[in-house]
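So you can see what is in the structure, the chains are spelled out below.
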Amino acid sequence: MMQAKPQCDRCFLRQAHHAAELAGLDAAAAQQLVSAIRGELARLPPQLGAPAKASRIHALIRKLSGNPDPYRAAKRAATEQALQLYPRLEAMVSTSDDPLGTAVRLAIAGNIIDLGVGTRYDLEGSIERVLREPLEIDHTERLRQALAKARDVLYLADNAGESVLDRLLVDLIEAPVTYVVKGGPAVNDATHEDALAAGMQRLCRVVDHGAATLGTLLDQCSAEFRHAFAEADVVIAKGMANYESLEGSRSGLYFLLQTKCAVVSEHMGVPEHSLIVMEDGIGLSPG
């Protein structure tokens, strides 16, 4: 698991300001919340990974703000926007010379919907960029071969709205897929409610991993999920927090993401804003 860096704390404080705004706190209450977060960061063990730190910070934000899901409206808006684009994207995949490769890229395009690293995103711009630019790490062929042999696939979701674009890839996987969401609100990550709003239940089984955390912190997940994670033939994990929390955890694990911060980009050895399809443990070696 990646350890958090000092610059991560600045990002957490920015997230606290944004969450306070979304929760509708006045200036005085927002300042109290941010001060409490600053104190909590000072107390957290330095060896904690960024997803573990962020999960504790956002649990405290939800408690102090009195809002159990400050990002709920933003998640609904993201899902609605993605659903409006879905027919065009579905046609793009169906007419592609390489439907699976196109679906993988569009799933990565959806990873821009991340309110943990910024307060705004451009989904349509992300789609255009991902279809145009090369992948910095491209293990798509390894993933294709693994999916062709898989008896079952575990697909770990990231953000709400992004789930709509994940449908494009899930729909092409022949093996049974279990789509895994968060067990409770964590920034704008997808919960069961968000996956259902995206229509994922029409394609596959939707479950949660038992914890309201960013990424996948195995020690906090349910025993049922940990068993499924260990036994699945192929695991697809979306987003930076899943990479940060699961790197090096098992074979047959594939990360699909955009690197949206300098800390993750440096750790992976790629430029910031890189597009990634990476088999765990393979890194920058040829695909």
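Residues numbered from 1 in each chain as written. Predicted model: local features only at pLDDT ≥ 70, side-chain atom pairs only at ≥ 80, totals over all residues. Heavy atoms only, no water.

Participant: Just to check I follow, could you spell out the environment of Ala 91 for this structure?
Facilitator: For Ala 91, the location among the structural elements is in helix α4 (residues 72-94). Taking the relative accessible area as the measure of exposure, Ala 91 reaches 38% and is therefore partly exposed. Considered as a pair, Ala 91 and Thr 140 are 49 residues apart in the sequence and their alpha carbons are 21 Å apart. (Helix = DSSP H or I, 4+ residues; strand = E, 2+ residues; numbered from the N terminus. Buried < 20%, exposed > 50% of the residue type's maximum accessible area, 1.4 Å probe, protein only.)

Participant: Looking at this model, I keep getting lost on the pattern of salt bridges. Mind explaining?
Facilitator: Two side chains of opposite charge can pair, provided their charged atoms sit close to one another. On inspection of all chains with the given rule, the structure shows 18 salt bridges. Glu 193 is paired through a salt bridge with Arg 76; the nearest N and O atoms lie 3.8 Å apart. Here Arg 76 lies in helix α4 and Glu 193 lies in helix α9 (residues 192-198), a separation of 117 residues in the sequence. Residue Glu 193 is classed as partly exposed on the basis of its relative accessible area of 38%. (Salt bridge = Lys/Arg side-chain N within 4 Å of Asp/Glu carboxyl O.)

Participant: Where do I start with the packing of helix α1 (residues 6-22) against helix α3 (residues 50-65) in this structure?
Facilitator: In a packed pair of helices, the relevant descriptors are the angle between the two axes and the axis-to-axis distance. Between α1 and α3, the shortest axis-to-axis distance is 11 Å and the interhelical angle comes to 25°. Judged on the interaxial angle alone, α3 and α1 are roughly parallel. Here α1 runs over α3; the crossing is right-handed. Seen from α1, the contacting residues are Cys 8, Asp 9, Phe 12, Gln 15, Ala 16 and Ala 19; seen from α3, they are Ala 50, Lys 53, Ala 54, His 58 and Ile 61. Of the residues that constitute the contact of α1 with α3, the class distribution is 7 nonpolar, 2 polar and 2 charged. (Axes fitted to C-alpha atoms, helices over the stretch in contact; angles between N-to-C directions. Parallel < 35°, antiparallel > 145°, perpendicular 65-115°, else oblique. Left-handed = near helix turned anticlockwise from the far one by under 90°. Contact = heavy atoms within 4.5 Å. Nonpolar A, V, L, I, M, F, W, Y, C, P; charged D, E, K, R; others polar.)

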